[in-house]
Amino acid sequence: MARGPARNLLYLYSSRDNFTKVRAFLFPNRFHRADSPNPSNSHPFLTPDSKFCIPPQFSPSHFTQSLNYRCLNFQRHPFSTLVENGTPNLNSAPALESEVTEVDSISDIGLDENGPGNDNLEPEKRLNFAQIDSRDPVEIYKELRDASKSDKQSRSDWDLLIEVFRGFAKSAAHKFRNFFFKKCKIDIVKYLVFLGPGIEAEKFLFPIFVEFCLEEFPDEIKRFRSMVESADLTKPHTWFPFARAMKRKIVYHCGPTNSGKTYNALQRFMEAKKGIYCSPLRLLAMEVFDKVNALGVYCSLLTGQEKKFVPFSNHVACTVEMVSVDELYEVAVIDEIQMMADPSRGYAWTRALLGLKADEIHLCGDPSVLNIVRKICSETGDELVQQRYDRFKPLVVEAKTLLGDLKNVKSGDCIVAFSRREIFEVKLAIEKYTKHRCCVIYGALPPETRRQQANLFNDDNNEYDILVASDAVGMGLNLHIRRVVFYSLSKYNGDKTVPVPASQVKQIAGRAGRRGSRYPEGLTTTLHLEDLDYLIECLKKPFDEVKKVGLFPFFEQVELFAGQFPDVTFAQLLEKFAENCRLDGSYFLCHHHHIKKIANMLEEVQGLSLEDRFNFCFAPVNIRDPKAMYHLLRFASSYAHKLPVNIAMGMPKCTARNDSELLDLETKHQVLSMYLWLSNHFEGEKFPYVKKVEAMAVDIAELLGESLTKANWKPESRNPGKPRQQENEGGYERPRSLIKLYEQKRQEGFSAGQKLEKVTA
Ligand SMILES: Nc1ncnc2c1ncn2[C@@H]1O[C@H](COP(=O)(O)OP(=O)(O)OP(=O)(O)O)[C@@H](O)[C@H]1O
Ligand SMILES: [Mg+2]
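Now for a quick tour of the structure. Worth saying up front: this structure is predicted, and the values here are computed from it rather than measured.

## Concerning the pairing of strand 17 (residues 413-416)
Side chains Asp413 and Ile415 of strand 17 all project onto a buried face; the interleaved residues Cys414 and Val416 project onto the opposite face, where all are buried too. Looking at chain direction, strand 17 and strand 20 (residues 483-486) are connected through 4 bridges and run parallel. Along strand 20, the bridge assignment pairs Val416 with Phe486. Relative to strand 19 (residues 464-469), strand 17 is paired through 3 bridges, and the arrangement is parallel. Residue pairing in the sheet places Val416 in a bridge with Ala469 of strand 19.

## A few points about the side chain of Asp612
Turning to its location among the elements, Asp612 is positioned in helix 24 (residues 610-617). Buried and without a salt bridge, Asp612 has Lys642 as its closest oppositely charged side chain, separated by 7.0 Å.

## Regarding the site of ligand 1
Around ligand 1 lies a shell of 15 residues, among which Asn258, Lys261, Thr262, Tyr263 and Arg514 are the nearest. Measuring from an oxygen atom of ligand 1, one finds a side-chain N or O atom of Lys261 at 2.8 Å. Against a free-state accessible area of 620 Å², the protein chains account for coverage of 80% of ligand 1. For the shell around ligand 1, the element with the highest residue contribution is helix 13 (residues 261-271), accounting for 3 residues. Tallied by class, residues from the shell around ligand 1 come to 3 nonpolar, 6 polar and 6 charged. Here the shell around ligand 1 spans two domains, and each of domain 2 (236-388) and domain 3 (395-540) adds at least three residues to it.

## A word on the environment of Leu301
Take Leu301: it is sitting in strand 10 (residues 299-302). Sequence separation between Leu301 and Tyr277 is 24 residues, and the spatial gap between their C-alpha atoms is 9.6 Å. In this structure, Leu301 is in contact with Ala285, Met286, Phe289, Glu306, Lys307, Lys308 and Ala317, ignoring residues within four places of it in sequence.

## Remarks on the nonpolar core
Formed by 123 residues in total, the largest nonpolar core has its most connected members in Ile334, Leu356, Leu406, Ile415 and Leu678. In terms of residue count, the dominant contributor to this core is helix 26 (residues 659-681) (9 residues). Here this core spans two domains, since at least three of its residues come from each of domain 2 (236-388) and domain 3 (395-540). If sequence neighbours within four positions are ignored, Ile415 has contacts with Leu406, Val409, Val426, Ile430, Ile466, Leu467, Val468, Ala469, Val485 and Tyr487.

## Re the sheet that holds strand 13 (residues 328-334)
Pairing within the open sheet is mixed, and its 8 strands lie in the order 11-10-12-9-13-14-8-15. For this open sheet the edge positions go to strand 11 (307-308) and strand 15 (383-388), each flanked by a neighbour on one side alone. In the sheet, strand 8 (residues 249-254) pairs with strand 14 (residues 357-365) via 6 bridges, with the strands oriented parallel. Counted as the bridge partner of Lys249 is Glu360 from strand 14. Strands strand 8, strand 14 and strand 15 of the sheet are contacted by helix 16 (residues 370-380), whose axis makes an angle of about 160° with strand 15.

## Here's the deal with the sheet that holds strand 20
Here we have 6 strands laid out as an open sheet, ordered 16-23-20-17-19-18, and parallel in their pairing. Whereas interior strands pair on both sides, the edge strands pair on one side only; in this sheet they are strand 16 (395-397) and strand 18 (437-441). When strand polarity is set aside, the average angle formed by the axes of neighbouring strands in this sheet is 25°. Inspection of the sheet shows strand 20 paired to strand 23 (residues 522-526) by 4 bridges, in the parallel sense. Each bridged residue has a counterpart across the sheet, and for Arg483 the counterpart in strand 23 is Leu523. The strands touched by helix 20 (residues 532-540) within the sheet are strand 16, strand 20 and strand 23, with strand 23 carrying the most contacts at an inclination of about 135°.

The rules behind these values
- Residues take numbers from 1 onward in each chain, read along the sequence in its written order.
- Here chains are named by letter from A upward and ligands by number from 1 upward, in the order in which they appear as written.
- Residue-level local features of this predicted model are given only where pLDDT is at least 70; pairs of side-chain atoms are given and counted only at 80 or more, and the full residue set underlies all totals for whole chains, interfaces and linings.
- By convention in this description, side-chain values take in all heavy atoms of the structure and omit both hydrogens and water.
- For the exposure calls, accessible area comes from a 1.4 Å probe over protein chains only, and a residue counts as buried if that area is under 20% of its type's maximum, exposed if over 50%, partly exposed in between.
- Numbered from the N terminus, helices here are DSSP runs of H or I no shorter than four residues, and strands are runs of E no shorter than two.
- Should DSSP find at least two bridges between two strands, the strands are taken to pair.
- Just so you know, the count uses Lys and Arg for positive and Asp and Glu for negative, and it drops His and the chain ends.
- Think of a salt bridge as a Lys or Arg side-chain nitrogen and an Asp or Glu carboxyl oxygen that are within 4 Å of each other.
- Think of it this way: one heavy atom of a residue within 4 Å of a molecule or strand is enough to make that residue near it.
- Each polar contact in these results corresponds to two N or O atoms within 3.5 Å; when the atoms are within protein, one needs to be able to donate a hydrogen and the other to accept it, and residues that are neighboring in sequence are counted only if both atoms are side-chain atoms.
- Methods summary: accessible areas were calculated by the Shrake-Rupley approach with a probe of 1.4 Å, and residue burial reflects only the protein chains presented.
- Note on residue classes: Ala, Val, Leu, Ile, Met, Phe, Trp, Tyr, Cys and Pro are nonpolar, Asp, Glu, Lys and Arg are charged, and everything else, Gly too, is polar.
- How far each domain reaches was decided by an automatic or database domain assignment.
- Should any heavy atoms of two residues lie within 4.5 Å, those residues are counted as being in contact.
- Within this scheme, the nonpolar core is defined by two criteria: the residues are buried Ala, Val, Leu, Ile, Met, Phe, Trp, Tyr or Cys, and they are joined through side-chain atoms within 4.5 Å.
- To get an axis, fit a line to the C-alpha atoms, keeping to the stretch in contact for a helix; angles then go from 0 to 180 degrees between the N-to-C directions.

Below, the structure is given as structure tokens:
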């Protein structure tokens, strides 16, 4: 037998919860097995029973400091007794000296499924403790509580007991440990020592610990329980018991843009005795409202801003946020169902799908949410039927591109740009350097104006044969586009400039060659040759499967939660809700940055109930437009002071003569639209100027339409801080390809998350 040098070896006994971290610290690159390294070299090693053997140059403090643990257990064993033929033999190692650092703060617990367990305890020995194993935890707890002090234990039992508790420990458990140590009886200690650290001991201790906690922390537990319960967003399908009581049939119309999904769903809607159509946009709800009424099916319109009740109607076209989950329908249509995954608005689609009381629900959309809808249907018990669609007309990529020159536009082109500024730059350039005239469509325009511009473009009997638009053309409008040309394929997302996601590129490009237009096929290309590869890549890419869809609490859920936090602001309350809410794996909590921003602004308004605040926060307002925000604050103040909310806004006399007047018209319309929205979401009599505001909104939408047809000025920005494209007084400057620069920078090791403004011209 080889005798080692006469010195003690330091062993580190890691508890189960620390084990993985300690191991990672000691063996950052590889896992050392007990029998491989020699303990005399500078490497620590892991023993067969999960102790770590520490080389002499390390001290306990080294570990406790580096790992930020003060709960590690070190023991020294004589080296000589452990090494036989150069291999450590720990089984024969008696403890010579014990060095136990006091447990103070205990790191996060969590049962490591892979950690050392002791499932194979000898059954005959276990029998000796049968009466303890089966004892009622409540009884054990009471016995502990009533005992004056603990029985005397041997040092080695005591050490192992510490180890048992280390595996069990958590902040409240520290208190429990002290309580237990003070009061425990010898038989229980013996039993725990027998079990050793591991799952068995935890199973035994946990119910006693729970009893202890219930008695020791009753208020905290109550508070925590109700907080967790009130922020519980798990099992959202159970929120709609009436819909669950129905046998619903879900028909998923699945296919690309321009394939007849909505058309077919609307056929069923019109045949039904009672139906509802849920739209992603006001504009589309209006289109369906007009179309269905024109076909002789009486249909009402319901959006946040308008309620048009058509006498004798059993059908309604609404925006998805306005859908009623109380009414009973024969057929419901939820359009653009993939919007369930929208980070901000997804909750409205989820609510419609889960809550609609309809015998038949028709979902129209791309395949990205098909699997998650299938999963939801298996939870709700609804039958799911799928109908596949293909494009009516092929979509062809034009490889030539516009070669960076807008002079190459042709009649029927739709140039897609991703900012208002770019849209006007393109319009200006095209009208200056070619004989074409441009219509424009972007998100900040009222639906009526967008429609007017679409009609102008679709009408062959005028000179407006080019459309310049933002991604707002991706949904809804029936446009006779021959070719979709991407001016760029990157967009500012409110924080940084990023490539446009493939699904969006597909949806926009797919607008070309609509059925009903005179073009036999749809064409798509880019302004720059350098962007073409990205366009092709996007079109080829299959739809990413959505794994989670949006949820947002109802007011009642927020109200219940608010009971736990009487002294926090509404914005803080939302923050706390987001931190504490529980969600199932298929759902995410929708972004509420917009809501919090409004909540913070309204904080200074006294006299609003929680429900008022909640409702005001959903008002449609551009949070980046200070004028619009000012009006919202004013409306909320009047409402809180129980004063009639007036519009107090002058009407412009004529069309816009420059971009700042156009921006002003846009803002004015948004404020009017907000007033109408509020009048529909609060008591109507508090908003007595609805008729006047409706008339003003119609006039402004018309002025906007007229202004746009004349517009030939350089665009201004609502946000002067935002980076501008380089301007060239001499004429049209060929814009640079951001996608190309983005790719270049990425290849140079630039992180995709970094702001692209840095690389813009
Ligand atoms: N069977 C049909 N008969 C006549 N016109 C049809 C028919 N199917 C679809 N259309 C028309 O074709 C166009 C595209 O159809 P639809 O809007 O239903 O497509 P979609 O797949 O919903 O596309 P997206 O929602 O992406 O715009 C519409 O103008 C629609 O009225
Ligand atoms: Mg559709």
